[in-house]
Amino acid sequence: MIIKHLKLFTNELQALKGFYVHELKMKMLHDTPDSFQIQIGNSKLTFQETNQAVYYHFAINIPENQIEVAKRWVESVSKILPYEGQEIVDFKSWNAKAVYFNDPGGNIVELIARLNLKQTAFQGFGVNSFLCISEIGTPVKSVQSCFDALKEECCLELYSGDTERFAAIGDENGLFIVIDPTVKKWIPEDREAYYFPFEVEIENDDQKSFYYKLTTHGKLLPSTPF
């Protein structure tokens, strides 16, 4: 699965624009008074202004050999969020390593190196090392129902999880991280996961595009192109 475009909401639009565009020097694709869009590797990320305080959990794939330099890069732009005492989190069952930080909007941002993808780089690390948005966290009322819908409508498979409290749906290029927020919180800080709206354009292995939005009740609904 490929996450082609992710639209998130924020009540800290100017702070996020300052961070992603002016400080990190990410390429801005569109800029309006109430939104902006940036390029993240093969994905697009839009932030849309809202009055509600919201935050999300999303991940960005990086080259599999750059997790150590990614850690040093994060330390230069933000504060690393350790998990169980580790600044570089080793997901052995996924053959991946990750570092976490918060952006100025309170979003939990994960840089993850997936060794199975064998995406190696030899240049210095920076935003040009970002390969794609590879995860979006999705709190829902029924993990199983969410998985069933995505499997039926988009032919997405279960990558990991029990489909009761947690399910990673898709593949290493793109995953919905679906959780039951009554029994699971966001790592690395054990932060409460709430239902915040977002919109996403995904492409499955058959190169068919699908558009979804997450309702405030944690249900994925078909959306129109955005």
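Colleague: Explain the overall build of the protein chain residue by residue, including any values.
Modeller: Per the secondary structure count, the protein chain includes three helices and 15 strands. Compactness check: the protein chain gives a C-alpha radius of gyration of 16 Å against a globular reference of 17 Å for 226 residues, within 12% of the reference. If one aligns the C-alpha atoms of the protein chain with their principal axes, the spans along those axes are about 45 × 40 × 35 Å. By residue count, 54% of the 226 residues in the protein chain fall in the buried class. For the protein chain, the proportion of contacts with a sequence separation of at least 24, taken over those separated by at least 6, is 60%. With an accessible surface of roughly 10,500 Å², the protein chain has 47% of that area assigned to carbon and sulfur atoms. Distance from the positive charge centre (22 side chains) to the negative charge centre (31 side chains) of the protein chain: 2 Å.

Colleague: Tell me what's going on with the pattern of salt bridges, and back it up with residues and numbers.
Modeller: The final tally for this structure, using the stated rule, is ten salt bridges. Here E199 makes a salt bridge to K7, at a shortest N to O gap of 4.0 Å. Of this pair, E199 sits in strand β13 (residues 199-203) while K7 sits in strand β1 (residues 2-10), placing them 192 residues apart in sequence. Accessibility classification places E199 together with K7 in one group, the buried group.

Colleague: Before we move on, could you go through the environment of Y55 and cite the residues and values that matter?
Modeller: Looking at the element boundaries, Y55 is found in the loop between β4 (43-49) and β5 (57-62). Overall, the relative accessible area of 13% leaves Y55 in the buried class. A C-alpha to C-alpha distance of 9.8 Å links Y55 and N102, two positions 47 residues apart in sequence. Filtering out sequence-adjacent residues up to four positions away, Y55 remains in contact with G105, G106, N107, W186, R191, E192, A193, Y194 and F196. Among the polar contacts made by the side chain of Y55, one reaches the main-chain carbonyl oxygen of E192 at a distance of 2.4 Å.

Colleague: Give me the sheet that holds strand β3 (residues 35-40): which residues, what numbers.
Modeller: What the seven strands build is an open sheet, ordered β2-β3-β4-β1-β13-β14-β15; its pairing is mixed. Of all strands in the sheet, those bounded by a partner on one side alone are β2 (28-32) and β15 (220-222). Within this sheet the neighbouring strands show an average axis-to-axis angle of 20 degrees, counted without direction. Pairing of β13 with strand β14 (residues 209-214) involves five bridges; the strand directions are antiparallel. Bridge pairing in β14 links E201 to Y211. Across the face of the sheet, helix α1 (residues 13-23) comes into contact with β1, β2, β3 and β4 while running at roughly 25 degrees to β3. Lying over the sheet, helix α3 (residues 143-154) contacts β13, β14 and β15, oriented at roughly 155 degrees with respect to β14.

Colleague: How would you sum up α3? Please name residues and give values.
Modeller: With twelve residues, α3 extends 16 Å from end C-alpha to end C-alpha; this agrees with the ideal 16 Å at 1.5 Å per step. Looking only at α3, the buried set comprises V143, C146, F147, L150 and C154. Along the axis of α3, the buried positions cluster into a sector of 100 degrees, meaning they face one direction only. Lining the buried residues of α3 we find β10 (158-161), β11 (166-171), β12 (174-179), β13, β14 and β15. A positive backbone phi angle near 60 degrees is found at C155, which sits one or two residues after α3.

Colleague: Outline the state of the cysteines, listing residues and values.
Modeller: Counting across every chain of the model gives zero disulfides. Free of any disulfide, C132 has its nearest cysteine sulfur in C154, 17 Å distant. By relative accessible area, C132 is classed as buried at 11%. No disulfide involves C146; its sulfur sits 9.9 Å from the nearest other cysteine sulfur, which is in C154. Owing to a relative accessible area of 8%, C146 belongs among the buried residues under this scheme.

Colleague: Can you lay out empty space enclosed by the protein for me, pointing to particular residues and giving the numbers?
Modeller: The tally for this structure, following the rule as stated, stands at two cavities of 30 Å³ or more. Reported here for the largest cavity is a volume of approximately 50 Å³. Along the walls of the largest cavity sit Y55, Y56, H57, G137, P139, W186, Y194, F196, F198 and L214, which together make up its complete lining. Here the lining of the largest cavity is composed, by residue class, of eight nonpolar, two polar and no charged. Quantified by volume, the second largest cavity comes out at close to 40 Å³. For the second largest cavity, the full set of lining residues is Y20, L24, I60, W73, F101, V109, L111 and F130. Here the residues of the lining of the second largest cavity are counted per class, giving eight nonpolar, no polar and no charged.

What counts, and at which threshold
- Each residue is numbered by its place in its chain's sequence as written, counting from 1.
- In keeping with the predicted nature of the model, local features appear solely for residues at pLDDT of at least 70, side-chain atom pairs appear and are counted solely at 80 or more, and the whole-chain, interface and lining totals rest on all residues.
- With hydrogens and water stripped out, all remaining heavy atoms of the structure feed into the side-chain values.
- For helices the rule is a DSSP run of H or I covering at least 4 residues; for strands it is a run of E covering at least 2, with both sets numbered from the N terminus onward.
- For this measure, only C-alpha atoms enter the radius of gyration; the expected value for a globule follows 2.2 Å times N^0.38, where N is the number of residues.
- Under the scheme applied here, a residue whose accessible area is under 20% of the maximum for its type counts as buried, over 50% as exposed, and between as partly exposed, the area being computed with a 1.4 Å probe on protein chains only.
- By definition in these notes, contact holds between two residues if any of their heavy atoms fall within 4.5 Å.
- Only the protein chains shown count as covering a residue, and every accessible area follows the Shrake-Rupley method with a 1.4 Å probe.
- Note that His is not counted, nor are the chain ends; the positive residues are Lys and Arg, and the negative ones are Asp and Glu.
- Where a charge lies is defined by one atom per residue type, namely NZ (Lys), CZ (Arg), CG (Asp) and CD (Glu).
- Whenever a carboxyl oxygen of Asp or Glu lies within 4 Å of a side-chain nitrogen of Lys or Arg, that contact is scored as a salt bridge.
- We call two N or O atoms a polar contact when they sit within 3.5 Å, provided that within protein one can donate a hydrogen and the other can accept it, with sequence-adjacent residues counted only if both atoms are side-chain atoms.
- Whether two strands pair depends on DSSP finding at least two bridges between them.
- Note on method: axes are straight lines fitted to C-alpha atoms, helices fitted across the in-contact stretch only, with angles between N-to-C directions ranging 0 to 180 degrees.
- The span expected for a helix works out to 1.5 Å for each residue beyond the first.
- Of all possible arcs, the one meant is that of the directions from the helix axis to the C-beta atoms.
- Here, a disulfide means two cysteine sulfur atoms that sit within 2.5 Å of each other.
- Here a cavity denotes grid points, spaced 1 Å and computed from the protein atoms alone, that fit a 1.4 Å probe unable to get out, and a pocket denotes an open set having protein on both sides within 12 Å along at least 5 of 7 lines; residues with an atom within 4 Å of a point are the lining.
- Grid points are joined across faces, edges and corners, and a volume is the space filled by probe spheres set on the points.
- Polarity classes work like this: nonpolar for Ala, Val, Leu, Ile, Met, Phe, Trp, Tyr, Cys and Pro, charged for Asp, Glu, Lys and Arg, and polar for all others, with Gly in that last group.

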